[in-house]
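Remarks on the overall topology
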Amino acid sequence: MAQKVLVVDDEESIVTLLQFNLEQGGFEVTTAENGREGFNKAMENSFDLIVLDLMLPEMDGLEVCKELRQNKVSTPILMLTAKDDEFDKVLGLELGADDYLTKPFSPREVVARVRAILRRMQAQPPTEKPQEINKVSFGDVEIHPDNYEVFLKGKPLELTPKEFELLVYLTNNKGRVLTRDQLLNAVWNYEFVGDTRIVDVHISHLREKIEPNTKKPTYIKTIRGLGYKLEASQ
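Position labels on residues start from 1 in each chain and follow its written sequence. For this predicted model, a pLDDT threshold of at least 70 governs which residues receive local features, and a threshold of 80 or more governs which side-chain atom pairs are given and counted, while totals over whole chains, interfaces and linings are taken from all residues. Think of the side-chain values as coming from all heavy atoms in the structure, minus any hydrogens and water.

**Considering the overall build of the protein**
Under the DSSP-based scheme used, a helix requires at least four consecutive residues in state H or I and a strand at least two consecutive residues in state E, with every element numbered from the N terminus. Looking only at helices and strands, the protein features 8 helices and 12 strands. Relative to its 234 residues, the protein shows a buried fraction of 49%. Every residue pair with non-hydrogen atoms within 4.5 Å of one another is taken to be in contact. Within the protein, residue pairs in contact and separated by at least 24 positions form 57% of the contacts whose partners lie at least 6 positions apart. Working note: accessible area of the protein is about 11800 Å², and carbon and sulfur atoms make up 46% of it. Per-residue accessibility, obtained with a 1.4 Å probe over protein chains only, is compared with the maximum for each type, and a residue is labelled buried under 20%, exposed over 50%, and partly exposed between these values. Computed by Shrake-Rupley with a 1.4 Å probe, the accessible areas treat only the displayed protein chains as cover when residues are assessed.

**Here's the deal with the nonpolar core**
The definition of a nonpolar core used throughout is a set of buried Ala, Val, Leu, Ile, Met, Phe, Trp, Tyr and Cys residues joined through side-chain atoms within 4.5 Å. In this structure, Leu-52, Ile-143, Leu-167, Leu-170 and Ile-220 are the most contacted members of the largest nonpolar core, which totals 52 residues. The residue makeup of this core includes at least three contributed by each of domain 1 (4-122) and domain 2 (136-230). Once you skip the residues sitting within four places of it in the chain, Ile-220 turns out to touch Leu-170, Ile-203, Leu-206, Arg-207, Ile-210, Glu-211, Tyr-228, Lys-229 and Leu-230. Grouped together as the second largest cluster of nonpolar side chains are 18 residues, Leu-22, Val-29, Val-51 and Ile-117 included. Domain boundaries shown here were taken from an automatic or database domain assignment.

**Details of the sheet that holds strand E1 (residues 4-8)**
The strand order across the open sheet formed by 5 strands is E2-E1-E3-E4-E5, and the pairing between neighbours is parallel. Taken across any chain shown, the strands that pair with only one partner, and hence form the sheet edges, are strand E2 (28-32) and strand E5 (99-102). Direction aside, the axes of adjacent strands within the sheet are offset by 20 degrees on average. Any two strands are treated as partners once DSSP identifies two or more bridges connecting them. Where strand E3 (residues 49-53) meets strand E4 (residues 77-81), 4 bridges bridge the pair, whose relative direction is parallel. Counted as the bridge partner of Leu-52 is Met-79 from E4. Axis geometry follows a simple rule: fit a line to the C-alpha atoms, using only the stretch in contact for helices, then measure angles between N-to-C directions, giving values from 0 to 180 degrees. Along the sheet, helix H3 (residues 61-70) contacts E3 and E4; its crossing angle with E4, the most-contacted strand, is approximately 165 degrees.

**Some thoughts on the packing of aromatic side chains**
Between the rings of Phe, Tyr and Trp (Trp by its six-membered ring), a pair exists once the centres lie within 6.5 Å; its type follows the angle of the planes, with under 30 degrees stacked, over 60 edge-to-face, and the other angles tilted. According to the stated counting rule, one finds 1 aromatic pair in the structure shown. A centroid spacing of 5.1 Å and a plane angle of 75 degrees characterise the contact between Phe-138 and Tyr-219, whose relative ring orientation is edge-to-face. Here Phe-138 is found in strand E6 (residues 136-138), whereas its partner Tyr-219 is found in the loop between helix H8 (197-210) and strand E11 (220-223), with 81 residues between them in sequence.

**Here we look at the pattern of salt bridges**
We define a salt bridge as a contact between a side-chain nitrogen of Lys or Arg and a carboxyl oxygen of Asp or Glu at a distance within 4 Å. Counted by the stated rule, this structure contains 11 salt bridges. Between Asp-98 and Arg-69 there is a salt bridge; the shortest N-O distance is 3.0 Å. Of the two residues, Asp-98 sits in the loop between helix H4 (86-94) and E5 while Arg-69 sits in helix H3, which places them 29 residues apart along the sequence. Since its relative accessible area comes to 11%, Asp-98 is described here as buried. Judged by relative accessible area, which is 10%, Arg-69 ranks as buried.

**Overview of the UniProt feature "modified residue: 4-aspartylphosphate" (unreviewed entry) in the protein**
UniProt positions are given in the numbering used here, feature names are shortened, and annotations may be inferred rather than shown by experiment. Per the UniProt record, "modified residue: 4-aspartylphosphate" (unreviewed entry) is annotated on Asp-53. Position of Asp-53 among the secondary structure elements: in strand E3. We classify Asp-53 as buried; its relative accessible area is 2%. With near-sequence residues (within four places) excluded, Asp-53 lies in contact with Val-8, Asp-9, Asp-10, Gly-61, Leu-80, Thr-81 and Lys-103.

**So, the pairing of strand E8 (residues 149-152)**
Inspection of the sheet shows strand E7 (residues 141-144) paired to E8 by 4 bridges, in the antiparallel sense. Pairing of Glu-142 across the sheet is with Phe-151, part of E8. Here E7 folds back onto E8 in antiparallel fashion, the turn holding 4 residues, of which Tyr-148 has a positive phi close to 55 degrees. Looking at chain direction, E8 and strand E9 (residues 155-157) are connected through 3 bridges and run antiparallel. Within E9, the residue paired with Phe-151 across the bridge is Pro-156.

**Section: the side chain of Thr-171**
Mapping Thr-171 onto the fold places it in helix H6 (residues 161-172). Residue classification places Thr-171 among the buried positions, given a relative accessible area of 7%. Within the local environment of Thr-171, its side chain forms a polar contact with the backbone oxygen of Leu-167, the two atoms lying 2.7 Å apart. Look past the residues within four positions of Thr-171 in its chain and what remains in contact with it is Val-136, Phe-138, Ile-143 and Leu-230. Here a polar contact is taken to be a pair of N or O atoms separated by no more than 3.5 Å, where protein atoms must pair a possible hydrogen donor with a possible acceptor and residues adjacent in sequence count only if both atoms sit in side chains.

The structure is reproduced here in structure tokens:
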């Protein structure tokens, strides 16, 4: 059975090009011309992957990505953008995108990237899936991976999907020093062109949400020159 891809872009020429090349690659393609339509189709139907443009009418790509993740839609998202902007890149991944491609790009590159993402999803070891753990905790933090819930001192804590996955991975490897590259590969499932800044951004956000004092972290420790670790004693 052909894998299903949703393409959300308001440029007709790009949609036509992507649809043709993806269908030639054996995928079944559905299209949407604005963010609201793309969001609705993603909510109402099951897709293997979503190709999502950043700049869209009615609802931009970042908002679509955020809303889908908040609604527990875990379909992999390849985000497209005409902007070569670090903030957009970091924010897009933070909100739950799985990969990021800057225009202009070749249709073959998109097809190759789609296949790579789907291969990673299929090859992901079961032990790295946080959903398989019933409950983990440290200090005042309690994690319920099956429900994508985190509690701090018994109160619900709001995390982005990637913050959540990073926290679970750190917890599963409590006491171990993890390099930025290890964290990048484990949580984002691929090497993001050696750009480990996304890891530092998420660590900073996690500390703001779980640490009593972000200047002197109790839980997530920085190991200078190496990476991070979650204290085993917590």
